Amino acid sequence: MPVVELAAVTKAYDSKVAVRDLSLSIDAGQMFGLLGPNGAGKTSSIRMMMGITMPDSGRISLFEKPFDRRNLDRVGYLPEERGLYKKMKVLDQLVFFGELHGLTREAARKRAVDWASRMEISGSLDKKTQELSKGMQQKIQFIATLLHDPGLVVMDEPFSGLDPVNATLLQDALLDLKSQGKAILFSTHRMDQVEKLCDSICLINNGEAVLSGNLREIKSRYERNRVIVEFQGRADFLKSDEIASANNYSGHAEITLKPGGDAQKLLHLAASMAAIYRFELVEPSLEEIFIQTVGGKANA
Amino acid sequence: MRNMLLVARREYLEQIRGRAFRISTVLVPALILFLLGVSGFTGRKLAGGRHIAIAADNASLAADIRADLLGGKRASYTIDTVAPFTEQDRANLQARVQNKSLDGLVIIENSASASPSVTYESQSSADLLDTSRLTEAINAGFLNLRLAQQGISSFQVHSLVQTVPLETLQVSSSGKTGKSQGMAPFYAAMLMTFLMTMPILLYGMDMARSVIEEKGSRIFEVMLAVARPEDLLAGKLLGVGAVGLTQIAIWLAAAALLSGSALAAPILSGQMKIHFSVLEAVLFPIYFILGFFLYSAFFSGLAATCETAQDLQMYITLAVIPTWTSFAILPFLLNNPNSPWVVAASLFPPTAPLVMVPRIGMLSAPYPWGQLALSLALMVFSIWAVIWLASRLYRVGILMYGKRATLPEIFRWLRYS
């Protein structure tokens, strides 16, 4: 059963329609990627899920019930615009957010200390937020989002501003949450992370869903027309009639086949001209699907 | 409700622990004490230790002036008289003024003529009180002298120039008369208006600055996902209001401790004696809290439409106009606390907190209870209306970044929410 569900949701500001007829649902234990170019309507959709703005039409359900603010205690939200009280001490801040989400003071304090240890910021609990680096503040915000053990985690660009080590730390924490059966939605421009982490995606453009569903199913809908060849010898096979376009980087060629192009014929031709070390027919990357779907207009 | 109280507690504790609170709590009374100290010091300097010499061509005139000056209540002088005097005496006395063994020298010549010459020499420019006191004593001396020259005995002179004290009585509408407090209610009115205005405006602006600061730190989106904007606004109002009351309580406690000290004497005695009735003491905190909520909610709503503290500047006038109006009303209040303008100002919510309490102080029983109830009801209703509007501006405004909203945009925001 879906933890969060949007059904035909529309939101407009004056003449600008931010979200049009959007439907999506996220189940428990599912990691869901909300993708789209800048201004596509991702943040507007998330804000409606969080009750920050109200939809003009359509229906939003949380935990199988019509939207009710009281259920927001079970949601953890990390907005794209990060915000912390700069002059407040880190521990006080975490306890405050925990209490706002319904935890007792003692429980919030205990969980804050545990999470700080896990995210390797224990030494900063007594410091004021403004004394910490941006990456550290990002981790504090991440903890504040998860402190109350929410059933639904909504994260807008969670990896922005993090170095690879900390990004991995956060990624592992998200995978843990997923394995605990939490529903996780994140909006990002980082296609590699979506491919690695998400089970399902919804790609929105100009406020409308243009592609949605299980990531594997979506990818399988696209023809495997890309070939990677590593070779030594003559490169004349790159002029084959089977090929629509090819880039050759000194023995490493990336080839796009024509519609209906025969990869086997190309392999035979290549083998007759050069020594072949690798010949791989690859599925399109999410980035390619993204660009192809939004008509190359994405500036993300 | 729980979230509102959590927000209020956070706001209160963070501000109370902050350096700004500690500094302002200590600095404001320190400044007042300093001013009182300066005034006390100046007063003492005026009141005693002034050593003056009077050189006159008429000994009786010099003695009269000396007696008048020494008989004054406010000032005590050491006064030497040299009458009649020689040029050598004049030179000696002037030398003493130069070497500061004398504070001042009065020289009276041609006292018998129609246009006598009177000069006052001193190293410091003569202060207002000194000069007016001297002028008064010298003129009284000349009056005595001239009347005596007309053959009127000194006893007759005394009875002729005897001043008559005017006793002022205050008549209540029930016909009872009581002793009037003279200027005391006016000073009390000024003090109360000032005490009410400054904290209300300061804490109101503090609220606004806090909203802009938090808007800048992008904290609101996180907060709005757990709390309603109304709770955030009300929590903030409660927290900052409690900070204000704490600070005022500290100041009052300090004032109570200091009230017995010599420094407080100038405002607790004499002509500037200030008296507050029990009703004023009850109404003051009520109107203070209502005024604070009204102005702070108003400022918070406006602050949500601004990006920086500079953007807020243009709105300050909106708050300053009612306070100016209240101060401008004070003379009318002194003349007639029941004049239509004063009654209107004591009912109009933005000016009511600043006018109603001093007005009650100027009246005697029976008080206009109906007007008081109406004023409080109007205040409560306006606070509700302003919080309602402000929370709508707040809901949309705190998520709008980039620039200060224009008036049409503000109206659109009210429609969205």
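Note that this is a predicted model, so its numbers are computed, not measured.

Student: Please clarify how the overall build of chain A should be interpreted in this entry.
Tutor: Along the backbone of chain A there are nine helices and 14 strands. The 300 residues of chain A split such that 39% are buried.

Student: I keep staring at the overall build of chain B and nothing clicks. Help me out?
Tutor: Within chain B, the secondary structure is distributed over 16 helices and six strands. Across the 417 residues of chain B, 34% fall into the buried class. The long-range fraction of contacts in chain B, counting pairs at least 24 apart against all pairs at least 6 apart in sequence, stands at 74%.

Student: Would you mind going over the interface of chain A and chain B with me for this structure?
Tutor: In many reports, interface size means the accessible area that the parts give up when they come together. Tallying the contact residues gives 18 residues for chain A and 15 residues for chain B. Residues belonging to the side of chain A that touches chain B are distributed by class as follows: ten nonpolar, two polar and six charged.

Student: Looking at this model, I keep getting lost on the pairing of strand β1 (residues 2-13) of chain A. Mind explaining?
Tutor: Strand residues, when the strand is regular, have side chains that alternate between the two faces of the sheet. Residue and element names in this part refer to chain A. Taken together, the eight bridges between β1 and strand β2 (residues 16-27) define a ladder with antiparallel strand orientation. Along β2, the bridge assignment pairs E5 with S25. Judged from the five bridges that link them, β1 and strand β4 (residues 57-62) form a sheet pairing that is antiparallel. Paired with L6 across the two strands is I60, which belongs to β4.

Student: Honestly, the sheet that holds strand β6 (residues 75-78) of chain A in this entry has me stumped. Any pointers?
Tutor: Paired through their backbone hydrogen bonds, the strands of a sheet run either parallel or antiparallel. Residue and element names in this part refer to chain A. Strand order in the open sheet formed by six strands is β6-β7-β8-β3-β9-β10, and the pairing between neighbours is mixed. Each edge of the open sheet is held by one strand with a lone partner, namely β6 and β10 (208-214). This sheet shows a mean twist of 15° between the axes of neighbouring strands, independent of strand direction. Relative to strand β8 (residues 183-187), strand β7 (residues 152-156) is paired through five bridges, and the arrangement is parallel. The residue bridging L152 from the neighbouring strand is A183, located in β8.

Student: What should I look at first to understand the nonpolar core in this one?
Tutor: As a rule of thumb, nonpolar side chains are buried together in soluble globular proteins. Ranked by size, the top nonpolar core spans 132 residues in total, and within it L94, I143 and V154 of chain A carry the most contacts. If sequence neighbours within four positions are ignored, L94 of chain A has contacts with A108, A112, I140, I143, A144 and L147 of chain A. In this structure, A56, A62, L69 and I107 of chain B belong to the second largest nonpolar core, which totals 21 residues.

Student: Even after reading the chapter, I still don't get the packing of helix α13 (residues 340-347) of chain B against helix α14 (residues 352-362) of chain B, so can you show me in this structure?
Tutor: Residue and element names in this part refer to chain B. Look at α13 against α14: their axes get within 6 Å of each other, and the N-to-C directions meet at 125°. Taken together, the axes of α13 and α14 lie oblique to each other. For the pair α13 and α14, the sense of crossing is left-handed. Residues V342, A345, S346 and L347 of α13 touch α14, and the partners they reach there are A352, V355, M356 and R359.

Student: Teacher, can you tell me more about unusual backbone geometry here?
Tutor: Most of the time, phi is negative for any residue but glycine, and the peptide bond is trans. Cis geometry marks the peptide bond from A83 of chain B to P84 of chain B; its omega dihedral reads -5°. Mapped onto the fold, P84 of chain B is located in the loop between β2 (77-82) and α4 (87-98). Phi at E64 of chain A takes a positive value of approximately 65°, unusual for a residue other than glycine. Mapped onto the elements, E64 of chain A comes out in the loop between β4 and β5 (65-66).

Student: Which parts of the structure should I look at to understand the environment of F279 of chain A?
Tutor: All names here are of chain A. Summarising the element assignment, F279 is placed in strand β14 (residues 274-282). As a C-alpha pair, F279 and L266 span 13 residues in sequence and 9.9 Å in three-dimensional space. If near-sequence neighbours (up to four positions away) are discounted, F279 is found in contact with V227, V229, L267 and A270.

Student: How do you make sense of the sheet that holds strand β4 (residues 117-122) of chain B when you look at a structure like this?
Tutor: All names here are of chain B. Within the open sheet, the four strands sit side by side as β2-β1-β3-β4. Their pairing is mixed. Edge positions in the sheet fall to β2 and β4, since each has one partner strand and no second. Neighbour to neighbour, the strand axes of the sheet diverge by 15° on average, direction disregarded. Both strand β3 (residues 104-109) and β4 contribute to a ladder of six bridges, which runs antiparallel. Looking at the pairing, L105 lines up with E121 of β4. Of the strands in this sheet, β1 (50-56), β2 and β3 are in contact with helix α3 (residues 59-71), which crosses β2 at around 180°.

Student: Help me understand the confidence of the model for chain B, please; the structure alone is not making it clear to me.
Tutor: Interpretation of this model should avoid reading the predicted coordinates in detail wherever pLDDT is low. On average, residues of chain B carry a pLDDT of 77, and 78% of them reach 70 or more. Taken element by element, the predicted model of chain B shows its lowest mean pLDDT in helix α10 (residues 265-268) of chain B (52) and its highest in α4 of chain B (89).

Student: Help me out: how do you make sense of α13 of chain B in this one?
Tutor: In an α-helix, one turn spans 3.6 residues; hence positions three or four apart end up facing the same way. Residues and elements named next belong to chain B. Taken as a whole, α13 has its buried residues at V342, A345 and S346. End-on, the buried residues of α13 take up no more than an arc of 100°, which puts them together on one face. Buried residues belonging to α13 abut α12 (309-335), α14 and α15 (369-397).

Student: For this particular structure, what's the right way to read the environment of N248 of chain A?
Tutor: All names here are of chain A. Mapped onto the fold, N248 is located in strand β12 (residues 243-248). Counting along the chain gives 19 residues from N248 to V229, while the straight-line C-alpha distance between them is 9.1 Å. Non-local contacts of N248, meaning those with residues more than four positions away in its chain, are made with A235, L238 and A253.

Student: For this particular structure, what's the right way to read the packing of helix α11 (residues 278-303) of chain B against α14 of chain B?
Tutor: Angle between the axes and distance between the axes: these two values describe a pair of packed helices. All names here are of chain B. Where α11 contacts α14, the two axes come as close as 9 Å, and the packing angle between them is 175°. Considering the angle they form, α11 stands roughly antiparallel to α14. On α14, the residues that touch L279, E280, L283, F284, Y287, F288, L290 and G291 of α11 are P353, M356, V357, I360 and G361. In the contact of α11 with α14, the residues fall into ten nonpolar, two polar and one charged.

Student: Help me out: how do you make sense of helix α9 (residues 286-293) of chain A in this one?
Tutor: All names here are of chain A. All of the buried residues in α9 are L286, I289 and F290. Buried residues of α9 fall within an arc of 100° about the axis and therefore sit on the same side. In this structure, the buried residues of α9 make contact with β3 (31-35), α6 (191-197), β9 (200-205) and α7 (215-221).

Student: Where do I start with the pairing of β8 of chain A in this structure?
Tutor: All names here are of chain A. Within β8, five of the five residues are buried, which leaves it mostly tucked inside the rest of the structure. Side chains A183, L185 and S187 of β8 all project onto a buried face; the interleaved residues I184 and F186 project onto the opposite face, where all are buried too. Two elements, β3 and β8, share four bridges in a ladder whose sense is parallel. Bridged to M31 within β8 is I184.

Student: Sorry, what's going on with the environment of D241 of chain A here?
Tutor: Tracing the chain through its elements places D241 of chain A in the loop between β11 (226-233) and β12. C-alpha separation for the pair D241 of chain A and K265 of chain A, spaced 24 residues apart in sequence, amounts to 10.0 Å.

Criteria and thresholds
Residues numbered from 1 in each chain as written. Chains lettered and ligands numbered in written order. Predicted model: local features only at pLDDT ≥ 70, side-chain atom pairs only at ≥ 80, totals over all residues. Helix = DSSP H or I, 4+ residues; strand = E, 2+ residues; numbered from the N terminus. Buried ≥ 20, exposed ≤ 12 C-beta atoms within 10 Å, placed from the backbone. Contact = placed C-beta atoms within 7 Å. Nonpolar A, V, L, I, M, F, W, Y, C, P; charged D, E, K, R; others polar. Pairing = 2+ DSSP bridges. Axes fitted to C-alpha atoms, helices over the stretch in contact; angles between N-to-C directions. Core = buried A, V, L, I, M, F, W, Y, C linked by C-beta atoms within 7 Å. Parallel < 35°, antiparallel > 145°, perpendicular 65-115°, else oblique. Left-handed = near helix turned anticlockwise from the far one by under 90°. pLDDT = per-residue confidence, 0-100. Arc of directions from axis to C-beta.

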